[in-house]
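Chain residues, written in single-letter form:
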Amino acid sequence: MTPLADLPPADRHRAIAAAFTENVALVHDWDLPTPVEGWVVRDIVAHLVNWFTDFLSAGGQELPPGPDTQSDPAAAWQAHVEGVQALLAEATDESEFSHPMVGTHRLADAIDQFYTSDIFMHTWDLATAIGRSPNLDPAFAAQLLDGMAGIEDLLRSSGQYGPAVAVAADADPVTRLAGFIGRDPKWPNISLPGR
């Protein structure tokens, strides 16, 4: 199996989204709490669908409308992921995406850089919330962590990441990434109903 880091953007999105989708299919209670403070499970799906739809729209790319994320999160996710994958399938080396906040990129690179990694990180949240092991690629987690560590001040000041959570010095890359983005790898530290 080709490592995630070596895949082209369309294939990397397909693989990472498939892992998230696998967890979506196992959700039995969309109101379970998550490692993201104040969020329940449906909020993870809503976040990924809504922010990226708005991001694309700001750059002139529209996704087909899908089901409501609150009433049918699973269907909303499926429609969304199919729409993004279709964009990637149609993108060429000349397909540009210009966003007012992040500038101009190849469309596939913009999706890869700004979105696919977000699915990867939120897979940790979703899997953890439903009591599963995240089973994330440690090499890709290490790559993300290396890239983010260089812009930590910018990330923290954006308000998108909480304070880092300390982890053991010998923690694996997935655990270190979770701690870096403000997740407690030992969450929930209590027994939750339904988990």
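In this text the structure is predicted, and so the values were computed from the model without any measurement. (Residues numbered from 1 in each chain as written. Predicted model: local features only at pLDDT ≥ 70, side-chain atom pairs only at ≥ 80, totals over all residues. Heavy atoms only, no water.)

Enquirer: Looking at this structure, I do not really get the side chain of His122. What am I missing?
Expert: Inspection of the secondary structure assignment puts His122 in helix H4 (residues 107-129). Residues in contact with His122, not counting those within four places in the same chain, are Phe20, Trp39, Ile44, His47, Leu48 and Arg183. (Helix = DSSP H or I, 4+ residues; strand = E, 2+ residues; numbered from the N terminus. Contact = heavy atoms within 4.5 Å.)

Enquirer: Is there a simple way to think about the packing of helix H3 (residues 73-90) against H4 in this case?
Expert: Between two packed helices, both the angle of their axes relative to each other and the distance between the axes serve to describe the pair. It is the contact of H3 with H4, at a shortest axis distance of 10 Å, that shows an interaxial angle of 150°. As far as their axial angle goes, H4 and H3 are roughly antiparallel. Considering only the axes of H3 and H4, their crossing is left-handed. Across from Trp77, His80, Val84, Leu87 and Leu88 in H3, the residues of H4 making contact are Leu107, Ala108, Ile111, Tyr115 and Ile119. Class assignment of the residues belonging to the contact of H3 with H4 gives a composition of nine nonpolar, one polar and no charged. (Axes fitted to C-alpha atoms, helices over the stretch in contact; angles between N-to-C directions. Parallel < 35°, antiparallel > 145°, perpendicular 65-115°, else oblique. Left-handed = near helix turned anticlockwise from the far one by under 90°. Nonpolar A, V, L, I, M, F, W, Y, C, P; charged D, E, K, R; others polar.)

Enquirer: Can you help me understand the nonpolar core in this one?
Expert: Nonpolar side chains in soluble globular proteins tend to be buried together. If you look at the biggest cluster of nonpolar residues, it comprises 50 residues, and the most contacted ones within it are Phe20, Trp77, Phe120, Met148 and Leu177. Of all the secondary structure elements, the ones that give two or more residues to this core are helix H1 (9-24), helix H2 (41-58), H3, H4, helix H5 (138-149) and helix H7 (173-180). When residues of this core are assigned to their parent elements, the largest contribution, 11 residues, is made by H4. Aside from chain neighbours lying at most four places away, what touches Phe20 is Ile44, Val45, Leu48, Trp77, Ile119, His122, Thr123 and Leu126. (Core = buried A, V, L, I, M, F, W, Y, C linked by side-chain atoms within 4.5 Å. Buried < 20%, exposed > 50% of the residue type's maximum accessible area, 1.4 Å probe, protein only.)

Enquirer: Mind showing me how you'd approach the layout of surface pockets here?
Expert: Gaps left between atoms show up when a probe the size of a water molecule is rolled over them. Of the pockets and cavities examined, the largest pocket occupies roughly 1,200 Å³. What lines the largest pocket is a set of 35 residues, and nearest its centre among them are Asp118, Met121, Leu155, Gln160 and Tyr161. Put simply, the parts of the chain that give the lining of the largest pocket at least two residues each are H2, H4, H5 and helix H6 (152-157). At seven residues, H4 tops the list of elements feeding residues into the lining of the largest pocket. Residues belonging to the lining of the largest pocket are distributed by class as follows: 18 nonpolar, 12 polar and five charged. Each pocket or cavity is described by its volume, and for the second largest pocket that value is around 270 Å³. For the lining of the second largest pocket, the element with the highest residue contribution is H1, accounting for five residues. (1 Å grid on protein atoms, 1.4 Å probe; cavity = no way out; pocket = protein on both sides within 12 Å on 5 of 7 lines; lining within 4 Å. Points joined across faces, edges and corners; volume = space filled by probe spheres on them.)

Enquirer: Teacher, can you tell me more about H1 here?
Expert: Think of an α-helix as 3.6 residues a turn; residues three or four steps apart then line up on the same face. Spanning 16 residues, H1 covers 22 Å between terminal C-alpha atoms, matching the ideal 22 Å at 1.5 Å per step. Among all positions in H1, only Pro9, Ala10, Arg12, His13, Ile16, Ala17, Phe20, Asn23 and Val24 are buried. Seen from one end, H1 has its buried residues packed into an arc of 155°, which puts them on one side. Those residues of H1 that are buried are in contact with H2, H3, H4 and H5. (Expected span 1.5 Å × (residues − 1). Arc of directions from axis to C-beta.)

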